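One letter stands for each residue in the lines below.
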Amino acid sequence: MKTLKIDFVSDVVCPWCAIGLASLEIALKRLQGEVAAELHFQPFELHPDMGPEGVEVVPYLAKKYGMSAEQVERNQQSIAERGKAVGFEFRMERRNRTWNTFDAHRLLHWAGEVGAAQQRALKHALLSAHFTEGENPGARAVLLRCAAQAGLDATRAAAVVDGDEYADAVREREQLYRQAGISSVPSVIVNERYLIQGGQPPELFEKSLREIAAEI
(Lines give C-alpha, C1' and ligand atoms only; values in the text may rest on other atoms or scores of the structure.)
Protein backbone atom coordinates (compact mmCIF):
# COMPACT_ATOMS: atom_id res chain seq x y z
CA MET A 1 0.00 0.00 0.00
CA LYS A 2 1.32 3.43 -0.98
CA THR A 3 1.26 6.40 1.40
CA LEU A 4 0.72 9.86 -0.05
CA LYS A 5 1.42 13.18 1.65
CA ILE A 6 -1.49 15.48 0.91
CA ASP A 7 -1.37 19.21 1.64
CA PHE A 8 -4.90 20.61 1.49
CA VAL A 9 -4.51 24.35 0.92
CA SER A 10 -7.79 26.04 1.78
CA ASP A 11 -9.80 28.55 3.78
CA VAL A 12 -12.65 27.90 6.20
CA VAL A 13 -14.90 30.50 4.51
CA CYS A 14 -14.43 28.88 1.09
CA PRO A 15 -17.50 26.77 0.17
CA TRP A 16 -15.63 24.87 -2.53
CA CYS A 17 -13.05 23.90 0.09
CA ALA A 18 -15.80 22.24 2.14
CA ILE A 19 -16.96 20.39 -0.97
CA GLY A 20 -13.41 19.49 -1.98
CA LEU A 21 -12.57 18.09 1.45
CA ALA A 22 -15.73 16.00 1.58
CA SER A 23 -15.01 14.68 -1.92
CA LEU A 24 -11.38 13.91 -1.09
CA GLU A 25 -12.40 11.99 2.02
CA ILE A 26 -14.90 9.93 0.04
CA ALA A 27 -12.16 9.11 -2.46
CA LEU A 28 -9.75 8.11 0.33
CA LYS A 29 -12.36 5.76 1.80
CA ARG A 30 -12.77 4.13 -1.60
CA LEU A 31 -9.00 3.71 -1.83
CA GLN A 32 -8.59 2.02 1.56
CA GLY A 33 -6.22 -0.89 1.20
CA GLU A 34 -4.60 0.68 -1.87
CA VAL A 35 -3.61 4.16 -0.79
CA ALA A 36 -3.03 5.72 2.62
CA ALA A 37 -2.88 9.48 3.14
CA GLU A 38 -1.07 11.82 5.48
CA LEU A 39 -3.44 14.80 5.33
CA HIS A 40 -2.19 18.25 6.34
CA PHE A 41 -4.24 21.46 6.23
CA GLN A 42 -2.42 24.52 4.95
CA PRO A 43 -3.54 28.16 5.21
CA PHE A 44 -4.99 30.37 2.52
CA GLU A 45 -6.95 33.54 3.27
CA LEU A 46 -9.65 34.59 0.83
CA HIS A 47 -10.05 37.90 2.66
CA PRO A 48 -6.67 38.74 4.24
CA ASP A 49 -7.40 42.46 4.52
CA MET A 50 -10.91 42.16 5.94
CA GLY A 51 -11.58 43.64 9.36
CA PRO A 52 -12.93 41.63 12.30
CA GLU A 53 -16.48 42.87 11.70
CA GLY A 54 -16.68 41.05 8.35
CA VAL A 55 -18.97 42.07 5.48
CA GLU A 56 -22.34 41.06 4.08
CA VAL A 57 -21.58 38.10 1.87
CA VAL A 58 -23.93 38.59 -1.11
CA PRO A 59 -22.99 42.22 -1.91
CA TYR A 60 -19.33 41.39 -1.33
CA LEU A 61 -19.33 38.41 -3.70
CA ALA A 62 -21.38 40.31 -6.27
CA LYS A 63 -18.83 43.12 -6.34
CA LYS A 64 -15.81 40.81 -6.23
CA TYR A 65 -16.91 38.61 -9.13
CA GLY A 66 -18.93 41.12 -11.15
CA MET A 67 -22.22 39.31 -10.59
CA SER A 68 -25.73 40.41 -9.73
CA ALA A 69 -27.18 39.55 -6.33
CA GLU A 70 -29.52 37.12 -8.10
CA GLN A 71 -26.59 35.38 -9.76
CA VAL A 72 -24.83 35.07 -6.41
CA GLU A 73 -27.96 33.57 -4.85
CA ARG A 74 -28.28 31.03 -7.68
CA ASN A 75 -24.61 30.17 -7.34
CA GLN A 76 -25.04 29.65 -3.60
CA GLN A 77 -27.92 27.26 -4.27
CA SER A 78 -25.81 25.31 -6.75
CA ILE A 79 -23.03 25.06 -4.18
CA ALA A 80 -25.49 23.78 -1.58
CA GLU A 81 -26.63 21.06 -3.98
CA ARG A 82 -23.03 20.03 -4.69
CA GLY A 83 -22.40 19.89 -0.96
CA LYS A 84 -25.43 17.71 -0.36
CA ALA A 85 -24.17 15.25 -2.97
CA VAL A 86 -20.99 14.65 -0.95
CA GLY A 87 -22.58 14.78 2.50
CA PHE A 88 -21.85 18.36 3.54
CA GLU A 89 -24.76 20.50 4.72
CA PHE A 90 -24.80 24.13 3.61
CA ARG A 91 -27.40 26.36 5.27
CA MET A 92 -26.90 29.42 3.09
CA GLU A 93 -29.80 31.29 4.68
CA ARG A 94 -27.78 31.41 7.92
CA ARG A 95 -24.58 32.63 6.27
CA ASN A 96 -25.16 36.35 5.76
CA ARG A 97 -21.59 37.55 6.36
CA THR A 98 -18.07 36.47 5.51
CA TRP A 99 -15.08 36.99 7.75
CA ASN A 100 -11.34 37.21 8.24
CA THR A 101 -9.89 33.79 9.12
CA PHE A 102 -6.33 34.47 10.25
CA ASP A 103 -6.96 33.37 13.85
CA ALA A 104 -8.64 30.18 12.58
CA HIS A 105 -5.50 29.39 10.60
CA ARG A 106 -3.30 30.02 13.64
CA LEU A 107 -5.42 27.61 15.64
CA LEU A 108 -5.33 25.03 12.84
CA HIS A 109 -1.54 25.33 12.70
CA TRP A 110 -1.29 24.58 16.42
CA ALA A 111 -3.74 21.69 16.06
CA GLY A 112 -1.51 20.24 13.36
CA GLU A 113 1.34 20.17 15.85
CA VAL A 114 -0.88 18.31 18.32
CA GLY A 115 -1.86 15.69 15.75
CA ALA A 116 -3.28 15.09 12.29
CA ALA A 117 -6.57 13.74 13.64
CA GLN A 118 -7.13 16.78 15.84
CA GLN A 119 -6.31 19.18 13.00
CA ARG A 120 -8.73 17.38 10.70
CA ALA A 121 -11.47 17.42 13.32
CA LEU A 122 -10.93 21.13 13.92
CA LYS A 123 -11.12 21.83 10.19
CA HIS A 124 -14.44 20.01 9.98
CA ALA A 125 -15.77 21.84 13.03
CA LEU A 126 -14.83 25.26 11.61
CA LEU A 127 -16.35 24.54 8.20
CA SER A 128 -19.57 23.36 9.81
CA ALA A 129 -19.69 26.33 12.18
CA HIS A 130 -19.54 28.73 9.26
CA PHE A 131 -21.47 27.03 6.48
CA THR A 132 -24.03 25.01 8.46
CA GLU A 133 -24.53 27.26 11.48
CA GLY A 134 -23.74 30.61 9.86
CA GLU A 135 -21.20 31.56 12.52
CA ASN A 136 -18.03 33.64 12.38
CA PRO A 137 -15.08 31.19 12.30
CA GLY A 138 -12.80 33.97 13.52
CA ALA A 139 -14.78 34.68 16.70
CA ARG A 140 -13.14 33.64 19.96
CA ALA A 141 -16.14 31.71 21.28
CA VAL A 142 -16.55 29.82 18.01
CA LEU A 143 -12.86 28.97 17.81
CA LEU A 144 -12.78 27.65 21.36
CA ARG A 145 -15.96 25.62 20.92
CA CYS A 146 -14.58 24.08 17.72
CA ALA A 147 -11.30 23.31 19.49
CA ALA A 148 -13.24 21.51 22.23
CA GLN A 149 -15.21 19.56 19.63
CA ALA A 150 -11.90 18.48 18.11
CA GLY A 151 -10.67 17.16 21.45
CA LEU A 152 -8.05 19.86 21.91
CA ASP A 153 -6.93 21.20 25.28
CA ALA A 154 -9.19 24.14 26.18
CA THR A 155 -6.63 26.12 28.17
CA ARG A 156 -3.96 25.82 25.49
CA ALA A 157 -6.46 26.65 22.74
CA ALA A 158 -7.48 29.82 24.58
CA ALA A 159 -3.85 30.84 24.94
CA VAL A 160 -3.32 30.44 21.19
CA VAL A 161 -6.47 32.37 20.28
CA ASP A 162 -5.80 35.19 22.75
CA GLY A 163 -2.15 35.64 21.76
CA ASP A 164 -0.28 35.89 18.49
CA GLU A 165 1.39 32.48 18.44
CA TYR A 166 1.91 30.93 15.00
CA ALA A 167 1.21 34.23 13.23
CA ASP A 168 4.62 34.19 11.56
CA ALA A 169 4.35 30.50 10.72
CA VAL A 170 0.96 30.99 9.05
CA ARG A 171 2.17 33.99 7.04
CA GLU A 172 5.25 32.03 5.93
CA ARG A 173 3.07 29.14 4.75
CA GLU A 174 0.72 31.49 2.93
CA GLN A 175 3.63 33.16 1.19
CA LEU A 176 5.14 29.79 0.30
CA TYR A 177 1.99 28.71 -1.53
CA ARG A 178 1.49 32.08 -3.21
CA GLN A 179 5.05 31.91 -4.52
CA ALA A 180 4.32 28.40 -5.78
CA GLY A 181 1.51 29.86 -7.89
CA ILE A 182 -1.47 28.97 -5.73
CA SER A 183 -4.08 31.68 -6.25
CA SER A 184 -7.33 29.79 -5.74
CA VAL A 185 -8.54 27.10 -3.36
CA PRO A 186 -8.92 24.33 -2.64
CA SER A 187 -5.54 23.31 -3.99
CA VAL A 188 -4.60 19.73 -3.18
CA ILE A 189 -0.86 19.11 -3.42
CA VAL A 190 0.22 15.47 -3.38
CA ASN A 191 3.79 14.54 -2.39
CA GLU A 192 4.76 18.20 -2.92
CA ARG A 193 4.68 17.54 -6.66
CA TYR A 194 1.19 16.91 -8.05
CA LEU A 195 -1.62 19.49 -8.00
CA ILE A 196 -5.35 18.80 -8.04
CA GLN A 197 -7.27 22.05 -8.03
CA GLY A 198 -10.86 22.89 -7.16
CA GLY A 199 -13.78 21.20 -5.45
CA GLN A 200 -13.62 18.16 -7.68
CA PRO A 201 -16.02 15.20 -7.47
CA PRO A 202 -14.89 12.10 -5.55
CA GLU A 203 -14.38 10.16 -8.78
CA LEU A 204 -11.72 12.58 -10.00
CA PHE A 205 -9.86 12.52 -6.70
CA GLU A 206 -10.00 8.73 -6.63
CA LYS A 207 -8.69 8.42 -10.19
CA SER A 208 -5.93 11.01 -9.68
CA LEU A 209 -4.70 9.56 -6.39
CA ARG A 210 -4.66 6.04 -7.78
CA GLU A 211 -2.60 7.23 -10.77
CA ILE A 212 -0.18 9.15 -8.55
CA ALA A 213 0.24 6.16 -6.23
CA ALA A 214 1.05 3.96 -9.26
CA GLU A 215 3.86 6.33 -10.26
CA ILE A 216 5.73 6.30 -6.97
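The structure contained in this document is the topic of the report that follows. Note that this is a predicted model, so its numbers are computed, not measured.

## Comments concerning the pairing of strand S1 (residues 2–10)
Where S1 lies against strand S2 (residues 35–43), nine bridges are found, and the strand directions are parallel. Residue Ser10 lies in a different strand from S2, and its bridge partner there is Pro43. Between the parallel pair S1 and S2, the chain is carried across by helix H1 (residues 15–30), and the sense of this crossover is right-handed.

## Details of the pattern of salt bridges
Pairing is possible between side chains of opposite charge, provided their charged atoms come close. Scanning all chains against the criterion turns up 15 salt bridges. With a shortest N-O distance of 2.6 Å, Glu93 and Arg91 are connected by a salt bridge. What makes Arg91 partly exposed here is its relative accessible area of 26%. Of the charged contacts in the structure, one is a salt bridge between Asp162 and Arg140, with a shortest N-O distance of 2.7 Å. Of this pair, Asp162 sits in helix H7 (residues 154–162) while Arg140 sits in helix H6 (residues 140–149); the two residues are 22 residues apart in sequence, bridging distant segments of the chain. Taking the relative accessible area as the measure of exposure, Arg140 reaches 42% and is therefore partly exposed.

## Let's talk about the packing of helix H2 (residues 57–65) against helix H3 (residues 69–85)
At a minimum axis distance of 9 Å, the contact between H2 and H3 shows a crossing angle of 105 degrees. The orientation of H2 with respect to H3, classified from their angle, is roughly perpendicular. Residue-level contacts link Val58, Leu61 and Ala62 of H2 to Ala69, Val72, Glu73 and Gln76 of H3. Residue composition of the contact of H2 with H3, by class: five nonpolar, one polar and one charged.

## Quick notes on H1
Between its first and last C-alpha atoms H1 spans 23 Å; for 16 residues at 1.5 Å apiece the expected length is 22 Å, and the two agree. Taken together, the buried positions of H1 are occupied by Pro15, Cys17, Ala18, Ile19, Gly20, Leu21, Ala22, Ser23, Leu24, Glu25, Ala27 and Leu28. Taken together, the buried residues of H1 touch S1, S2, H3, helix H5 (116–131) and helix H9 (202–215).

## With respect to unusual backbone geometry
The linkage connecting Val185 with the following residue, Pro186, adopts the cis geometry, with an omega of 5 degrees. Tracing the chain through its elements places Pro186 in the loop between helix H8 (167–179) and strand S5 (187–190). Although it is not a glycine, Asn191 sits at a positive phi angle of roughly 55 degrees. Mapped onto the secondary structure, Asn191 falls in the loop between S5 and strand S6 (194–197). In this structure, Glu192 is a non-glycine residue whose phi angle is positive, near 60 degrees. Mapping Glu192 onto the fold places it in the loop between S5 and S6.

## A look at the sheet that holds S2
If you trace the four strands from one edge of the open sheet to the other, you get S2-S1-S5-S6, paired in mixed fashion. Both edges of this open sheet fall to S2 and S6, since each of them pairs with a single strand only. Going from strand to strand, the sheet's axes swing by 25 degrees on average, the running direction of each strand aside. Relative to S6, S5 is paired through four bridges, and the arrangement is antiparallel. In the strand pairing of S6, Ile189 is matched with Leu195. Along the sheet, H5 contacts S1 and S2; its crossing angle with S2, the most-contacted strand, is approximately 60 degrees.

The rules we used
Residues numbered from 1 in each chain as written. Predicted model: local features only at pLDDT ≥ 70, side-chain atom pairs only at ≥ 80, totals over all residues. Heavy atoms only, no water. Pairing = 2+ DSSP bridges. Helix = DSSP H or I, 4+ residues; strand = E, 2+ residues; numbered from the N terminus. Right-handed = clockwise from strand over helix to strand, strands pointing away. Salt bridge = Lys/Arg side-chain N within 4 Å of Asp/Glu carboxyl O. Buried < 20%, exposed > 50% of the residue type's maximum accessible area, 1.4 Å probe, protein only. Axes fitted to C-alpha atoms, helices over the stretch in contact; angles between N-to-C directions. Parallel < 35°, antiparallel > 145°, perpendicular 65-115°, else oblique. Contact = heavy atoms within 4.5 Å. Nonpolar A, V, L, I, M, F, W, Y, C, P; charged D, E, K, R; others polar. Expected span 1.5 Å × (residues − 1).

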